[in-house]
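Residues per chain, in single letters:
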Amino acid sequence: MREDRKSGRWLTAALLAPTSLWFLVMLIFPLIVILVFSFGERAAVGGYAGGFTLEQYANLPSRLKAFQNTLVIAPAGTLLSLLVAYPLAYFLALRVGRQYKLILLVLVIVPFWTSLLVRTYAWIFILGGRGIPALLEFIGIEGVRLINTPGAVLIGIVYGYLPLMVFPIFVSLEKLDKTLLEASSDLGGSPFKTFIQVTLPLSMPGIATGCMLVFILLMGEFLIPAFLGGGKVFFIGNALVDLFLQSRNWPFGAAVSVTLVVIMLITVSLYMRMTLRSKTGRDESLM
Amino acid sequence: MSKSNDNRPITAKRFMKELRRYEKGSVSRRHFLGVTGLGTAMAVMGAAMPSLWPGKAQAGDLGDRLIFSTWPNYHDQANLDEFTAKTGVNIQVNAFGSNEEMLAKLQAGGTGWDVFVPTNYTISNYVALDLIQELDLSRIPYYDAAANNPKFAGPATVNGKVYCVPKNWGTTGFVLNSKEIMSSPKSWKDFFDVTMGAGSGHTIVHDYQLTTIGAALCALGYSFNSIDPKELAEAEALLIKSKPHLFAITSDYQPGMRSGDGWMSICWNGDATQLHNDLPEMEYVIAADGGEIWTDFYAVPKDAPHLDAAYAFINFMQDPKVQAREAAVHGYAPTDSRAIALQPPSLASDPILHPAENLMNGLEFGAAQTLTDPVRAEVMARFKSA
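Residues numbered from 1 in each chain as written. Chains lettered and ligands numbered in written order. Predicted model: local features only at pLDDT ≥ 70, side-chain atom pairs only at ≥ 80, totals over all residues.

Trainee: Just to check I follow, could you spell out the pairing of strand β9 (residues 264–268) of chain B for this structure?
Mentor: Note on strand geometry: in a regular strand, side chains alternate between the two faces of the sheet. Residue and element names in this part refer to chain B. Among the five residues in β9, five count as buried, and that is most of the element. Burial of β9 is two-sided: the residues M264, I266 and W268 facing one way and the residues S265 and C267 facing the other way are all buried. Bridge analysis of strand β6 (residues 164–177) against β9 gives five bridges, and the strand direction is antiparallel. Counterpart to F174 in the pairing with β9 is I266. One ladder, built from two bridges, connects strand β7 (residues 203–205) with β9; its direction is parallel. Looking across to β9, one finds that I204 is bridged to S265. (Buried ≥ 20, exposed ≤ 12 C-beta atoms within 10 Å, placed from the backbone. Helix = DSSP H or I, 4+ residues; strand = E, 2+ residues; numbered from the N terminus. Pairing = 2+ DSSP bridges.)

Trainee: I tried to follow helix α7 (residues 150–174) of chain A on my own but got confused; where do I start?
Mentor: The periodicity of an α-helix, 3.6 residues per turn, causes residues three or four places apart in sequence to face the same way. Relative to the 36 Å expected for 25 residues at 1.5 Å per residue, α7 of chain A spans 34 Å between its end C-alpha atoms, a close match to the ideal helical length. The largest bend in α7 of chain A amounts to roughly 50° and is located at Y161 of chain A, with the proline P163 of chain A lying one to four residues further along. (Expected span 1.5 Å × (residues − 1). Bend = angle between axes of the 7 residues up to and from the residue.)

Trainee: Please explain the packing of helix α3 (residues 64–95) of chain A against helix α10 (residues 204–219) of chain A as it appears in this structure.
Mentor: Packed helix pairs are specified by the crossing angle of their axes together with the interaxial distance, meaning the distance between the axes. Residues and elements named next belong to chain A. Contact pair α3 / α10: the axes reach a minimum separation of 9 Å and the direction vectors enclose 145°. When you trace α3 past α10, the crossing you get is right-handed. On the side of α3, the interface is formed by T70, A74, P75, G77, T78, S81, L82 and A85, while α10 contributes I207, G210, C211, V214, F215, L218 and M219. Per-class residue counts for the contact of α3 with α10 are ten nonpolar, five polar and no charged. (Axes fitted to C-alpha atoms, helices over the stretch in contact; angles between N-to-C directions. Left-handed = near helix turned anticlockwise from the far one by under 90°. Contact = placed C-beta atoms within 7 Å. Nonpolar A, V, L, I, M, F, W, Y, C, P; charged D, E, K, R; others polar.)

Trainee: Can you help me understand the packing of helix α9 (residues 188–195) of chain B against helix α10 (residues 209–219) of chain B in this one?
Mentor: Residue and element names in this part refer to chain B. Taken N-terminus to C-terminus, the directions of α9 and α10 make an angle of 100°; their axes are 7 Å apart at the nearest point. Judged by the inter-axis angle, α9 sits roughly perpendicular to α10. Contact residues: W188, K189, F191 and F192 in α9; A215, C218 and A219 in α10. The residue makeup of the contact of α9 with α10, split by class, is six nonpolar, no polar and one charged. (Parallel < 35°, antiparallel > 145°, perpendicular 65-115°, else oblique.)

Pasting the structure below:
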């Protein structure tokens, strides 16, 4: 018996070793490096020079606008993705016949076969002056500017992140016990009431997972604002790219990164507590 | 296998039968591959594959690839393809928006680049940082130092050693859509006035500290190259004041100008030629209050992995005929008099490629210290995140 437990422990350790090593080398060490860098100084020609100063953190207010943009547009983009994805997931899970379901699901994934970079570049032309605004002008609505506005960035976000929201919601709706819906209507619940009191609460795990996936990725997003915001809708991700790849101020970039990580940890843990509390015993979230 | 159908292709029915047998384990994999002809097919395919991956056979010792970092809209794809056809070397092109971005990548190390295109003011920095290698000019026979105007080729030589060969020279001014902007701005001061006035919402500035901060400095009456913190603070204030009126901050401004959203943009003269050729209302202006004159070069990073291919490529691009063909597409003037002589008269006398000397009196070559100056870097970064 004791032998068994011992070898079991060894097996667990052996199985966990690759993952632990990976996290150690790819996550923990780099984070420590970033933390150390954030207290350093910019070298004369750019890059990092050793030292201990809080100067970088004192300079954070100069990137206030980028933090604000991210903290407003990332949640807004998450909410918008949810509003667009939910009906689609609902339709796929509950309304579509078995024979079409697979095809439609594959169609949701198909865009992933092309790089997001290329697809986002295409939106530059769709939203640009010769694209949708020209169409609107044709029907008499003039002077519409889409490209390089927060609206364009939101469109890009919903477009790019939709599948990440659709799938978790689809999975939780798919697993939903259909007899509960019948029970609800038998007991006199209107379709609307059934949706609000049965379907929606039961799909909460999917909603929670989808929102988390999209929100976390959006907080670090830089490609969509860079392309569809034209440098005018600036995320913290763009500020980071700038600091590391243009102005080569690694210590300040590191300080901004550390701040972003801290903000993320706080928002995500608040969010987890909120969703865990509201989840009434059912623990189906992918997290 | 020794039946009558030895040399005939297998029938569909027999194939399915053999497949079932193989699935059930009644026959070996070897038997299955042999009897169906799949084994032969695989062997033939395998032998044919190398020729699908272009090069190997003909490439000799140049290898099969070259990683090349350059600027947007700066080459004729036909010429790059011709190099690949001649040598078997495939070119992977990276386009950059600023010299600072190139420097950042090189400083971080491990770029894998073989050839890149730095601008005059960066070269002494790259040499000081030990990031580029001295060139062996005997391996670039097409390069003729005597044919290159020293005014443009000069920065290639640092401490008596040649580190690069010139590509093109040009000016940085601005382009405007004369259908939309009637007031014919002549200076950077006018440029910012129009931006914050009649042209509000339609101006593009580069995502590039040298030209964007330089333009603001000129508008204020200072040197394009200033690193004086007080002057830079004023330039930053002007840029931030104009930001709500900008259409975009990007070095890839042709799409914006072509779509009609952009009416005016800081512009390299070759982009102006390309835009003007397609849309005659696009006009190029060399600002009366200053701006940049520059030369771009071909350089080789210290750790270039495909050095032989790099030399072959630079030599190919130095061929006066290739230079002339390139210029006909990208619209930048060659520095090489042999290539200029090959240009059609329409290009050789084109005012955007070859402006009158007196128009260029106020222009400055970028200064080396602007590349690494921390204040300029931070001013640009703050302007973008403002």
